[in-house]
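Residue-level structural notes
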Amino acid sequence: MALLMAVRPSLPESRLLPVLQIAQQDPSPEADAWLQALGELLRRDVGTGVSIERASPLSERCQRQLRDLCRQLGPGGRRLKLPQSPDSKEEQEEDKDPQPPGKRRKEPEEEPAGPEGERVPKRVRFLRREEEEGHEESAGHEPLESLADGRDASPMKNQSVVRADPRTASESLEDAKGSKESLELPKALQDQVPRLQQLLKTCGERLEGLENAAPAELQLLHECSSSQVDLLCAQLQLPQLSDAGVLQVCTWLLSLSPDLSLSNATVLATSLFLGRILSLTSSASRLLSIALTSFCAKYTYAVCRALLGPVLRAPEIGPAQTELLCCLMKDEALEPDMRIVMLGQILELPWKEAVFLVLQSLLERQVELPPEKFSVLMDKLCTEGLAATTSMAYAKLMLTVMTKYQADITETQRLSMATPLALNTTFLRKSLQATLRHLAP
């Protein structure tokens, strides 16, 4: 499951869903909770037939354990209230002062005091009431999701809290204080934001003398969640940087060790490039092209997720965007296996004129395709050809495929290509049909 999550951008959803369905049908009564959680996250990521609203990848048992743990929290979640023996409880009740006559409390017997005599938070009391009314399932989602919104806390991290000793559990819950705290940068990084802003301003004013070594503060990106990285991008105003500034930031990011996580690299790619590419009205500058191709060579999965799909799906894509993506496909620094990843992303998109051009640029490199990937490509080419009879981009793409991959085309595929090529009305029609005849055994 971990491998599937890592390579998901390169897998067609039609192939991934059957694997997830098989994993979900595990007949074992004690199914592995880790596999269940990863499977649920994958289905949520694919987003096909899975409702993510009020959904949780945690098992029902884990949800019950987390609710019990929540009820042991003191006020504000400062520390856990440890279970007490019956004798100590009786002594505590005897020592309690009688309740002041004028104090208003809705449920005096249902609201135990915290370690410092304060009332238990409303959320905990709400959970108790819902559980007593028999609505465990519906009441469990919201608090569990609130806990899971912590700093990149995975579902399995929350499960491990249940089996930990109180001290470890308290430390884990401190890491899951909610979305408000998760959107705060680490203090060491926040203190350096003004300096980074000044560095970027200086870089944007000059076109030469790029600094290869990243500022030491950027090493703290490894400690940030994707939402925190998004906040940093906003504070540094990365979308508003000049092309020279973008190239400088990319140079810094590529020098970081270890590499950025996929989620953080995706956020950075979106902030640095997406809006900039979509707003192009003329050819991209040399600085922007260099920045994009160098970033893509190292973080191909992130570029596929953040740029390739969104740009090719955009209704306003024009010649400038298509030219830049074609340049990206032709980049010699791109590894062959990464070209296959990009092809997998393109095969999942709805095809149009721009997609034909980008795909042709990719296939011109004569990438060695796996048989199953080549089969999907040929099936889609034959299907799309019926609606692209006047497209020059489609005609050039078919010529490229028949020329570069003639040894891979089967007799069945050759016969399937005959129909769309016969309907083609471009001036390349005779060349297409002549090339097709040369494929005959």
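In what follows, the structure referred to is the one given above.
Let me begin by describing the structure that accompanies this report. What you are looking at is a predicted structure, and each value in this text was computed from that prediction instead of being measured. (Residues numbered from 1 in each chain as written. Predicted model: local features only at pLDDT ≥ 70, side-chain atom pairs only at ≥ 80, totals over all residues. Heavy atoms only, no water.)

With that settled, consider the overall build of the chain. When helices and strands are tallied, the chain shows 24 helices and 0 strands. Of all 441 residues assigned to the chain, the portion counted as buried reaches 44%. Considering only contacts within the chain whose residues lie at least 6 apart along the sequence, 74% involve residues at least 24 apart. (Helix = DSSP H or I, 4+ residues; strand = E, 2+ residues; numbered from the N terminus. Buried < 20%, exposed > 50% of the residue type's maximum accessible area, 1.4 Å probe, protein only. Contact = heavy atoms within 4.5 Å.)

The next thing to look at is the side chain of S361. Counting through the fold element by element, S361 comes out in helix α20 (residues 353–363). Residue contacts for S361: discarding those within four places in its chain leaves C326, M329 and K330.

Omega for the peptide link from S257 to P258 comes to 0 degrees, which places this bond in the cis form. With a phi angle near 55 degrees, Q237 is a residue other than glycine that sits in the positive phi range. Mapping Q237 onto the fold places it in the loop between α13 (226–236) and α14 (243–255). Non-glycine residue Q366 carries a positive phi angle of around 50 degrees. Its location among the elements puts Q366 in the loop between α20 and α21 (371–385).

Running from amino to carboxyl end, helix α15 (residues 262–278) crosses helix α17 (residues 300–313) at an angle of 30 degrees, the nearest separation of the two axes being 7 Å. Note that α15 runs across α17; the crossing there is right-handed. Residues L262, A265, T266, A269, T270, F273, L274, I277 and L278 of α15 lie in contact with α17, whose contacting residues are Y301, A302, R305, A306, L307, P310 and V311. Among the residues making up the contact of α15 with α17, the classes are represented as 13 nonpolar, 2 polar and 1 charged. (Axes fitted to C-alpha atoms, helices over the stretch in contact; angles between N-to-C directions. Left-handed = near helix turned anticlockwise from the far one by under 90°. Nonpolar A, V, L, I, M, F, W, Y, C, P; charged D, E, K, R; others polar.)

Relative to each other, helix α22 (residues 392–404) and helix α23 (residues 411–423) sit at 150 degrees, their axes nearing to 12 Å. By the angle between their axes, α22 is roughly antiparallel relative to α23. Note on packing geometry: the crossing formed by α22 with α23 is left-handed. Residues Y394, M398 and M402 of α22 touch α23, and the partners they reach there are M417, P420 and L421. By residue class, the composition of the contact of α22 with α23 is 6 nonpolar, no polar and no charged. (Parallel < 35°, antiparallel > 145°, perpendicular 65-115°, else oblique.)

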